[in-house]
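Observations on chain architecture
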Amino acid sequence: MSAPTEGGYDIRKRKTHRKSRKGCGNCKLRRVKCDEAHPQCEKCIAYGVTCNYDGDATDELQLPGEGAFTFISQPHQYAPAAEPESAPKDSLSPEGWYDKVEGMLGMPLELHDIDEPYYVTEADVEAMRNFRDKTVWTIGTAQTVRFYRNEMMKMIDTVRFALPLTLTSIMLTPSPKFPYVVHITLSLSMMHTRYITSRNPWTTTPSAKEIFHHYHGTALFNRLLSQPLEDSHRDPLWGTAALLGCITIGSIEARTAEEAWPLKRSSPEDLDWLRMSDGKKEVWRIVDPLREDSVWRHALDYGANKDPLPYDHRVPELDLLYPWLIKIYDFDPSSSEHNEDPYYTAASILVRLLELDCNHSTIMYFLSFLGHMDVRFRQLLHDKDPKALLLLSWWYGKMCQYNVWWQSRRMVLEGQAICLYLERNHADDPDVLRLLSYPRMMTGLIQS
């Protein structure tokens with residue numbers, strides 16, 4: 001008897017597995033079979049989260065920060081593509097996108113470490129529509145968003161043909177060629193829908209389906225990066241890394257400032273999301289999105305060659321900050337001896353950012369604060385050093401100018417938490433308290 005069908009493709013139920021009685025908490029929450037390896041099981045290593053075999057595991061699974069870019073770095077050799085394809089030069093029309101997205105219903109989608117595929121459902125097609133029509137317009141910059149819409153939809157719609165899973169049909173089965181792109185696109189779209197449809201989006205937690213697609217997308221993504229690449233995967237990998245960056249920043253457990261770092265109880269996973277930039281640098285090195293044949297070359301060149309214009313009036317924030325930068329941090333831009341100063345890079349970037357308005361056109365300049373963060377400065381943040389926290393709070397304050405769903409919750413809550421932490425633990429330092437006025441105002445704390 002043939003399997004039931006949906007959208008013209010076979011739909012088969014996943015095989016049941018023996019339940020793991022001693023598996024880790026993360027695998028139980030994700031409802032995947034744990035191999036019970038210690039100290040970390042293979043599923044958690046692939047997903048990039050810390051195994052928790054103890055009884056103190058949280059009841060909620062949060063999407064990982066650094067885990068989205070956890071892979072073994074090695075010299076890469078690019079294997080020739082098995083099926084060389086030449087993408088059409090013209091962008092897909094809206095009608096073309098509609099037909100291709102609708103046509104994905106019932107397609108088999110590869111999963112990580114599971115032989116049976118997942119079949120695209122109507123809910124997944126709806127999420128793909130939302131990505132195409134809504135989510136994609138909120139990522140990238142105002143200047144480059146059309147590049148992301150055109151190219152990501154092409155990558156999602158690209159199919160490959162493989163032999164059928166059973167011998168009941170001699171027809172070749174179409175499936176997405178870049179399954180990790182589809183999984184991560186679905187996860188981001190579901191995350192966006194959760195934020196914009198909830199009455200109180202800052203209290204929502206990821207759905208099981210959102211976590212499912214994020215898990216398999218990141219695992220396939222990391223597996224691909226740890227082995228020789230077909231050249232055809234280089235552009236999809238960079239596009240996926242961009243989407244993962246949004247997911248990573250948007251994945252925060254806290255619902256209030258009191259639950260946010262640095263006020264919450266310390267954990268080894270604190271500030272993992274900051275290491276996202278390290279992973280993206282490694283992906284950049286591997287795929288080289290500025291190479292001659294990259295579909296991202298024009299978009300990235302455009303952003304790099306369009307320097308943002310500073311304000312055409314005096315910036316009161318800069319007038320307030322600059323004298324105290326000199327006093328607190330001994331900040332001297334003309335000095336050539338700043339390499340030994342862990343605060344210098346963060347302070348110098350922040351001074352330049354204060355002259356800009358953070359918005360859809362300039363957001364990438366503000367995210368460069370993360371990409372150029374000194375590892376010593378990051379350690380100072382882990383140690384809750386007041387001078388490092390103060391600089392980060394000003395960056396949070398500037399980021400709050402751009403109210404976009406994937407970053408606002410973290411910027412507001414962690415920005416408020418830093419202000420409250422410094423007020424409670426460093427009330428004897430008038431210079432620190434004086435400089436808190438700007439981040440307090442921008443993150444919504446009421447000045448007493």
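Let me sum up the structure you'll find in this document. (Residues numbered from 1 in each chain as written. Predicted model: local features only at pLDDT ≥ 70, side-chain atom pairs only at ≥ 80, totals over all residues. Heavy atoms only, no water.)

**Overview of the packing of helix α7 (residues 208-225) against helix α8 (residues 234-250)**
Defined as follows: An axis is simply a line fitted to the C-alpha atoms; with a helix, the fit covers only the stretch in contact. Between two such axes, the angle follows the N-to-C directions and lies from 0 to 180 degrees. Runs of H or I in DSSP of at least four residues are treated as helices and runs of E of at least two as strands, each being numbered from the N terminus. Angles below 35 degrees are treated as roughly parallel, those above 145 as roughly antiparallel, those between 65 and 115 as roughly perpendicular, and all remaining angles as oblique. By the definition used in this description, the sense in which the near helix is turned from the far one sets the handedness, with an anticlockwise turn below a right angle giving left-handed and a clockwise turn giving right-handed. Residue contacts follow a heavy-atom distance rule, with two residues in contact if any of their heavy atoms lie within 4.5 Å.
Contact pair α7 / α8: the axes reach a minimum separation of 12 Å and the direction vectors enclose 135°. In terms of their interaxial angle, α7 and α8 are classed as oblique. Relative to α8, α7 is oriented so that their crossing is left-handed. Contact with α7, carried on its side by His214, Thr218, Phe221, Leu224 and Leu225, involves Leu237, Thr240, Ala241, Leu244 and Ile247 of α8 and no other residues of that element.

**Quick notes on the packing of aromatic side chains**
Counted only if it meets this: When two rings of Phe, Tyr or Trp (its six-membered ring) have centres within 6.5 Å they constitute a pair, described as stacked for plane angles under 30 degrees, edge-to-face for angles over 60, and tilted for the intermediate range. Only protein chains enter the accessibility calculation, which uses a 1.4 Å probe; a residue whose area is less than 20% of its type maximum is buried, one above 50% is exposed, and one in between is partly exposed.
All chains considered together, the criterion is met by 9 aromatic pairs. When the centroid spacing of 5.2 Å and the interplanar angle of 85° are considered together, the rings of tryptophan 238 and tryptophan 284 count as edge-to-face. Within this pair, whereas tryptophan 238 is found in helix α8, its partner tryptophan 284 is found in helix α9 (residues 276-287), the two being separated by 46 residues in sequence. Take tryptophan 284: its relative accessible area is 32%, and that puts it in the partly exposed class. Through successive ring pairs, a cluster of aromatic residues spans Phe369, Trp395 and Tyr396.

**Quick word on the environment of cysteine 34**
Tracing the chain through its elements places cysteine 34 in the loop between α1 (25-30) and α2 (42-47). For cysteine 34 and cysteine 44, which are 10 residues apart along the polypeptide, the C-alpha to C-alpha distance reads 8.8 Å.

**A word on the pairing of strand β5 (residues 114-119)**
Quick reminder of the rule: A pair of strands is considered paired only if DSSP assigns at least 2 bridges between the two.
Bridging between strand β4 (residues 108-111) and β5 involves 3 bridges; their strand directions are antiparallel. Considered in β5, the bridge of proline 108 is made with tyrosine 119. Where β4 folds back on β5, the antiparallel hairpin that results is connected by 2 residues, among which aspartate 113 adopts a positive phi of roughly 60°.

**Some points on the nonpolar core**
We apply this condition: We call a set of buried residues a nonpolar core when its members are Ala, Val, Leu, Ile, Met, Phe, Trp, Tyr or Cys and they connect through side-chain atoms within 4.5 Å of each other.
One finds Trp273, Phe369, Leu370, Leu381, Leu391 and Trp395 to be the most contacted residues of the largest nonpolar core, which totals 104 residues. Not counting chain neighbours up to four residues away, the residues in contact with leucine 391 comprise Leu325, Tyr329, Tyr343, Ala346, Ala347, Leu350 and Phe377. Counting residues in hydrophobic clusters, the runner-up holds 6 residues, among them Cys27, Cys41, Cys44 and Cys51.

**A look at the packing of helix α5 (residues 145-157) against α8**
How we decide: Residues are grouped as follows: nonpolar covers Ala, Val, Leu, Ile, Met, Phe, Trp, Tyr, Cys and Pro; charged covers Asp, Glu, Lys and Arg; every other residue, Gly included, is treated as polar.
Put simply, α5 and α8 touch, their axes get as near as 10 Å, and they point 115° apart. Seen along the crossing, α5 lies across α8 with a hand that is left-handed. Residue-level inspection shows Tyr148, Met152 and Met155 of α5 in contact with α8, the latter providing Asp235, Pro236, Trp238, Gly239, Thr240, Ala242 and Leu243. For the contact of α5 with α8, the per-class residue count stands at 7 nonpolar, 2 polar and 1 charged.

**Considering the environment of tyrosine 195**
Just so we agree on the cut-off: Counted as a polar contact is a pair of N or O atoms within 3.5 Å, where, for protein atoms, one must be capable of donating a hydrogen and the other of accepting one, and residues adjacent in sequence contribute only when both atoms are in side chains.
Along the polypeptide, tyrosine 195 turns up in helix α6 (residues 179-197). The spacing of tyrosine 195 and tryptophan 405 is 210 residues in sequence and 6.9 Å in space, taken between C-alpha atoms. Contacts of tyrosine 195, omitting those with residues within four sequence positions, involve Pro201, Trp202, Gly250, Trp405 and Arg409. Within the local environment of tyrosine 195, its side chain forms a polar contact with the side chain of arginine 409, the two groups lying 3.4 Å apart.

**What to know about the pattern of salt bridges**
The cut-off we apply is this: The salt bridge definition used is simple: a Lys or Arg side-chain nitrogen within 4 Å of an Asp or Glu carboxyl oxygen.
Under the definition given, this model contains 22 salt bridges. The shortest N-O distance in the salt bridge between arginine 376 and aspartate 374 comes to 2.7 Å. Of the residues examined, arginine 376 reaches a relative accessible area of 33% and is grouped as partly exposed. Classification of aspartate 374 by relative accessible area gives buried; the value is 18%. One network of salt bridges, with partners in common, ties together Glu102, Glu122, Glu126 and Arg129.

**Regarding α8**
Here is the rule we go by: A helix is expected to span 1.5 Å multiplied by its residue count minus one.
Look at α8: 25 Å from first C-alpha to last across 17 residues, which is about the 24 Å you get at 1.5 Å a residue. Among the 17 residues that make up α8, 17 are buried, leaving the element largely enclosed by the rest of the structure.

**Quick notes on unusual backbone geometry**
If a residue is not glycine, its phi is most likely negative; likewise, a peptide bond is most likely trans. Put simply, tryptophan 261 and proline 262 share a cis peptide bond, and its omega is 5°. Checked against the element boundaries, proline 262 lands in the loop between α8 and α9. Despite not being glycine, aspartate 288 has its phi angle at roughly 50°, a positive value. You can see aspartate 288 is positioned in the loop between α9 and α10 (297-305).

**Re the environment of glutamine 416**
Of note, glutamine 416 is situated in helix α16 (residues 405-425). Residue glutamine 416 is classed as buried on the basis of its relative accessible area of 14%. Here the alpha-carbon distance between glutamine 416 and alanine 260, two residues 156 residues apart in the chain, equals 8.7 Å. Leave out the neighbours within four places in its chain, and glutamine 416 touches Ala257, Thr443, Gly444 and Leu445. Reaching out from glutamine 416, the side chain makes a polar contact with the backbone oxygen of threonine 443 at a distance of 2.7 Å.

**Some remarks on the side chain of arginine 378**
Secondary-structure assignment places arginine 378 in helix α14 (residues 375-382). Residue arginine 378 is classed as buried on the basis of its relative accessible area, which comes to 6%. Leaving out residues up to four positions away in the same chain, arginine 378 has contacts with Leu274, Arg275, Ser277, Asp278 and Met373.

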